[in-house]
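Architecture at a glance
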Amino acid sequence: MKKRTKRLVAGALTAVSIMGLLGGCGTGGNSSEGGSGSGSSDEDIVLKWYIRFDDQEDTQKVEDALNEIVKEKIGCTVDLMNIPRATYNDKMSVIIGGREECDIIFTGSGYADFWGNATKGAFLPLNDLLEEYGKETYDAIPEDIWKGVMIDGEIYGVINYQIEAKTNGFTIPEAIIEEFNIDVDSLTSLEDIEPYLAEIHEKYPDMVAITVNHMDTMPMIGYDEIGTMNSPGAVMIGDDSLTVVNQYETQEWRDYVDLMRKWYEAGYIQTDIATATNASELQMAGKIAVGFGNVKPGGEEQESIAWGRPVVQKQITEGRVLPSMVSATMNCISSTSQHPEKAMELLNLVNTDPEVYNLLCYGIEGEHYNKTGDNRIELVENSGYQPNVDWAFGNQFNAYLKGDQPDDVWEQTIALNESSEVSPLLGFAFDQEPVQNQIAQCQSIVDQYQKSIVTGSVDPDQYIPEFLDKLEQAGADDIIAEKQKQLDEWKASNE
Amino acid sequence: MKYVKPNKKSHRARVDRKKTRTLTLLTLPALILLLLFNYLPIFGLAYAFKDYRYDKGFWGSDWVGFENFEFFFQSSDAFTVTRNTILYNVIFIASTLIGAVIFAVILNEITSRKAVKFYQNVMFFPYFLSYAVVAFIVYAFLNVDYGVLNSLLGEKVNWYAEQQYWPFIIPLVNFWKNVGYNTIVIYASLIGIDSSYYEAAAVDGATRFQVIRHVMLPLLRPMVIMLGLIMVGKIFYGDFGLFYMVPQNAGILYPVTDVIDTYVYRCLRALGDVGMSTAVGLYQSVVGFILVVIANKITKKYSEESALF
């Protein structure tokens, strides 16, 4: 009882403190309390938008500037309720679970649990609203991509259109390339880097020769996962029969693990990689020679900042539009909203009006950023508004260009999106209800083994059989069978 | 305090009533909090038997009987995590209580008041640290490349990948964090012992050791039993911070660090199911309650006056 109570107390306290915090935000003069009462005119409507960025000194200023435009264009005002990144998911689960009245919620497969909350009725279905109030927004995004946020044919979130295709590749600092004469063009697979790693390790034994992003290995080795990342049951890319297999039993995964194990034993990978959380610090300190993970157009510029030195990226896999990428970030309308129509009008405005969008992303011109070209800006250092989350607000292709981003970065990205192969699973939403006991148990087993195995930290000959055995006991076969069954039904209904 | 039956007519009863009224008023804020935060939420336990959906609300969601309990009891890990939870807690209770009594007695032997205050503060301090901070302190010791312990040993032990050390590390961390608090509680009741006992012991020619054994320890017994009973009530809970943050959530260590709370967190993180998590919470509470009642019964049998109720 005590612990439960503690949680509840904690929940209540969080709620109270959030309200306090928000109360603070809402005292800007133009936002009147209780503006959502029925029968009031548009002018009194204050849309509450929960969004994920850290507290900024000038949020109120930007909100005031935003409201001037919003009031003129759609007649209501917005209350930006930002919640810091680190606590966003926890606080949103209290707010959503507590059925707090609000209008727009920023979410995604990794933020405020989009799939779970959408299936539990926390968000409104948007087909009609998009049709009536968000036509432009809808048309800007290919129809295939909309499928990625559908459940039973209904769209549940307004996608923040950005890069939807996943490509993997190397990120290597220029200095390392020069010193070790790395022929970047010759790198076409993960193995190709190996001879260089040996050289790097020999010369700098204290340096981490390579860090590999293990967040989603499966698409890279050729499998599309269904439902929650890492839960058993995936379809091989290119398999038109859509046969669901256990991805951890495949030869591709085994080969990948063996390669990682080889590198781990050779000392190319951090000894404590399974628990390490200091990758970005090491990267900044120049203690990592090669990175492997997601790459994207304009990514070199972004990564050079994260590495603290100029880097070069080399893409090695073809782009692929994955369900997990499409549902990565979006804005939903809460089912507690009193003004869903207005909320959709606002989302449409943010997604189609570059002025509104850039105001949200970069603040006020002359104060938070300066224009250096027609469509190019420079952020004012240490200004009072730098949320740095363009991808949380709306269609990123409306954003001004920053720093050295190539002029055509958005065209390149759109081209990549459109030329990439679309996963045949897009539009299929797996209902985990029938096998939720098995999923819960498998999740715990995946957590226990997957990371240690995939990073090469443990002996695969011993741990993979143990892992598979435990998954089987926990009902992995039931999950795979259920995924297959639902997939077959979905396929049949789509033909 | 002895309860005197109120008698409307007597003067004494009037004084008593006045006294009880003041006392009742004083406890009122605490009572209200208790009611709000400990009794009111009990109704929420009904979620354990519901398939809760936000759009249907509490009343509209379907009743599902014991379905929410299934995932936990069906799992092959239920045994391991229950065993870990209970064994660790038994070690925690025994180690902190014995440690606290020993430290309290030692503190009592120190004559310099300044020294006592110093030791008290130093021992009490870790109790106020959050486990997030403790986890970093432990990490500073155990990091494979830069850790204090590896530099001292001159070896490269990957502590976060070696199961055999954790059954010692975890109780040690818990002891370091909690013993100070219990020491102070017991030390306080040690100071409260009437000096006439010591005088009597001195007249009888008891040695210092005999005084400890025959005067202090028996008089501390009720306090120790009470602290123990309170801890028994939590025997089915694993401190989430201790078991999740301190071992850095390393998968390889789960067989020795996983407890009910961390297990359930991991299982349900993907599902976010209100009903299933409430079900496990209810299970933990019920078992905890039964254990307290049993422990209290046993205490009553051996020393009536030490029992809680």
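Criteria and thresholds
- Residues numbered from 1 in each chain as written.
- Chains lettered and ligands numbered in written order.
- Predicted model: local features only at pLDDT ≥ 70, side-chain atom pairs only at ≥ 80, totals over all residues.
- Helix = DSSP H or I, 4+ residues; strand = E, 2+ residues; numbered from the N terminus.
- Rg over C-alpha atoms; globule rule 2.2 N^0.38 Å.
- Buried ≥ 20, exposed ≤ 12 C-beta atoms within 10 Å, placed from the backbone.
- Contact = placed C-beta atoms within 7 Å.
- Domains from an automatic or database assignment.
- Pairing = 2+ DSSP bridges.
- Right-handed = clockwise from strand over helix to strand, strands pointing away.
- Expected span 1.5 Å × (residues − 1).
- Arc of directions from axis to C-beta.
- Core = buried A, V, L, I, M, F, W, Y, C linked by C-beta atoms within 7 Å.
- Axes fitted to C-alpha atoms, helices over the stretch in contact; angles between N-to-C directions.
- pLDDT = per-residue confidence, 0-100.
- Parallel < 35°, antiparallel > 145°, perpendicular 65-115°, else oblique.
- Left-handed = near helix turned anticlockwise from the far one by under 90°.
- Nonpolar A, V, L, I, M, F, W, Y, C, P; charged D, E, K, R; others polar.

When its secondary structure is counted, chain B shows 14 helices and 2 strands. For chain B, the C-alpha radius of gyration of 24 Å lies well beyond 19 Å, the compact-globule estimate for 309 residues. Viewed in the frame of its principal axes, chain B has a C-alpha envelope of about 65 × 65 × 35 Å. Taking all 309 residues of chain B together, the buried fraction comes to 29%. For chain B, long-range pairs separated by at least 24 residues make up 71% of all intrachain contacts whose partners lie at least 6 apart in sequence.

Domain boundaries in chain A define domain 1 (2–160 + 326–403) and domain 2 (168–317 + 431–495). The centre of domain 1 of chain A, based on its C-alpha atoms, is set 32 Å off from the matching centre of domain 2 of chain A.

All right, on to the environment of B:L31 then. Residue and element names in this part refer to chain B. Here L31 is to be found in helix α1 (residues 11–39). Classification of L31 by C-beta neighbours within 10 Å gives exposed; the count is 11. Expressed as a C-alpha distance, the spacing of L31 and Y54, which sit 23 residues apart in the sequence, is 32 Å.

Here we take up the environment of B:V144. With respect to the helices, strands and loops of the structure, B:V144 is situated in the loop between α6 (131–142) and α7 (148–153). Note on B:V144: 19 C-beta atoms within 10 Å, which makes it partly exposed. Residues B:V144 and B:E155, spaced 11 residues apart in sequence, show a C-alpha to C-alpha distance of 9.0 Å. Beyond its immediate stretch of four places on either side in the chain, B:V144 contacts A:T271, A:D272, B:N150, B:K156 and B:N158.

Another point: the pairing of strand β1 (residues 46–52) of chain A. Across a regular strand the side chains alternate sides, sitting on one face of the sheet and then on the other. Residue and element names in this part refer to chain A. Taken across its 7 residues, β1 has 6 buried, putting it largely inside the fold. Pairing of β1 with strand β2 (residues 77–83) involves 7 bridges; the strand directions are parallel. Directly across from K48, in β2, lies its bridge partner D79. In this fold, the crossover linking β1 to β2 by way of helix α2 (residues 59–74) has right-handed handedness. By the bridge criterion, 2 bridges tie β1 to strand β3 (residues 104–107) in an arrangement that is parallel. Bridging from a neighbouring strand, W49 pairs with I104 of β3.

Once that is clear, we can look at helix α10 (residues 251–266) of chain A. Three- or four-residue spacings in an α-helix give side chains the same orientation, since the helix completes a turn every 3.6 residues. Residues and elements named next belong to chain A. End to end, α10 covers 22 Å across 16 residues, agreeing with the expected 22 Å (1.5 Å per residue, within 8%). Along α10, the positions that sit buried rather than exposed are W253, Y256, V257, M260, R261 and W263. Buried residues along α10 cover an arc of 165 degrees about the axis, so they all sit on one side. For α10, the exposed residues lying more than 90 degrees away from the buried face are Q251, D255 and E265. Where α10 is buried, its residues contact α9 (194–203), β9 (208–212), α18 (436–454) and α19 (460–473). Positive phi shows up at G267, right after α10, with a value of about 90 degrees.

Residue-level contacts link 38 residues of chain A with 37 residues of chain B. Sorting the residues of the side of chain A that touches chain B by element identifies α1 (2–25), α3 (88–97) and α18 of chain A as the ones contributing at least two each. The element contributing the most residues to the side of chain A that touches chain B is α18(A), with 12 residues.

Counting residues in each nonpolar core, the largest one holds 190 residues, and the members touching the most others are A:L47, A:Y50, A:I210 and A:L346. Apart from residues lying up to four places away in sequence, A:Y50 is in contact with A:M81, A:I83, A:M92, A:I95, A:C102, A:I104, A:I105 and A:F106.

The next subject is the pairing of strand β18 (residues 376–379) of chain A. Residue and element names in this part refer to chain A. Across 3 bridges, strand β17 (residues 369–371) lies against β18 in antiparallel orientation. Its bridge partner being in β18, N370 is matched across the sheet by E378. Connecting β17 to the antiparallel partner β18 that follows it, the hairpin turn spans 4 residues. Judged from the 2 bridges that link them, β18 and strand β19 (residues 401–402) form a sheet pairing that is parallel.

Turning our eyes to something else, we now look at the sheet that holds strand β16 (residues 330–333) of chain A. Residues and elements named next belong to chain A. Across the sheet, which stays open at both edges, the 5 strands sit in the order β2-β1-β3-β16-β6 with mixed pairing between neighbours. Looking at the sheet topology across the chains shown, the edges are occupied by β2 and β6 (158–159). As judged from the 2 bridges shared by β6 and β16, these two strands associate in the antiparallel manner. Bridged to V158 within β16 is N331. Here α3 sits on the sheet and contacts β1, β2 and β3; the angle it forms with β1, its principal contact strand, is near 145 degrees.

Our focus in this paragraph is the confidence of the model for chain A. Residues and elements named next belong to chain A. Looking at chain A, the pLDDT average stands at 85 and 91% of residues meet or exceed 70. Under a pLDDT of 50 for its full length, residues 1–5 has, in the predicted model, 10 contacts with residues more than four places off or in other chains. Confidence over residues 8–39 falls short of pLDDT 50; this stretch has 37 contacts with residues more than four positions distant or in other chains.

Residues and elements named next belong to chain B. Where helix α3 (residues 67–74) contacts helix α14 (residues 274–302), the axes come no closer than 8 Å and their chain directions differ by 70 degrees. Here α3 lies roughly perpendicular to α14, going by the angle between them. The two elements α3 and α14 meet at a crossing, and its hand is right-handed. In this structure, α3 contributes N68, F69, F71 and F72 to the contact, and α14 contributes G275, M276, A279, V280 and Y283. Looking at the contact of α3 with α14 residue by residue, the class counts come to 7 nonpolar, 2 polar and no charged.

This part takes up the sheet that holds strand β20 (residues 421–422) of chain A. All names here are of chain A. With mixed pairing, 3 strands are arranged side by side in an open sheet as β7-β15-β20. Every other strand in the sheet has two partners, leaving β7 (165–166) and β20 as the edge strands with one partner each. By the bridge criterion, 2 bridges tie β7 to strand β15 (residues 320–321) in an arrangement that is antiparallel. Bridge assignment links K166 to a residue of β15, and that residue is R320.

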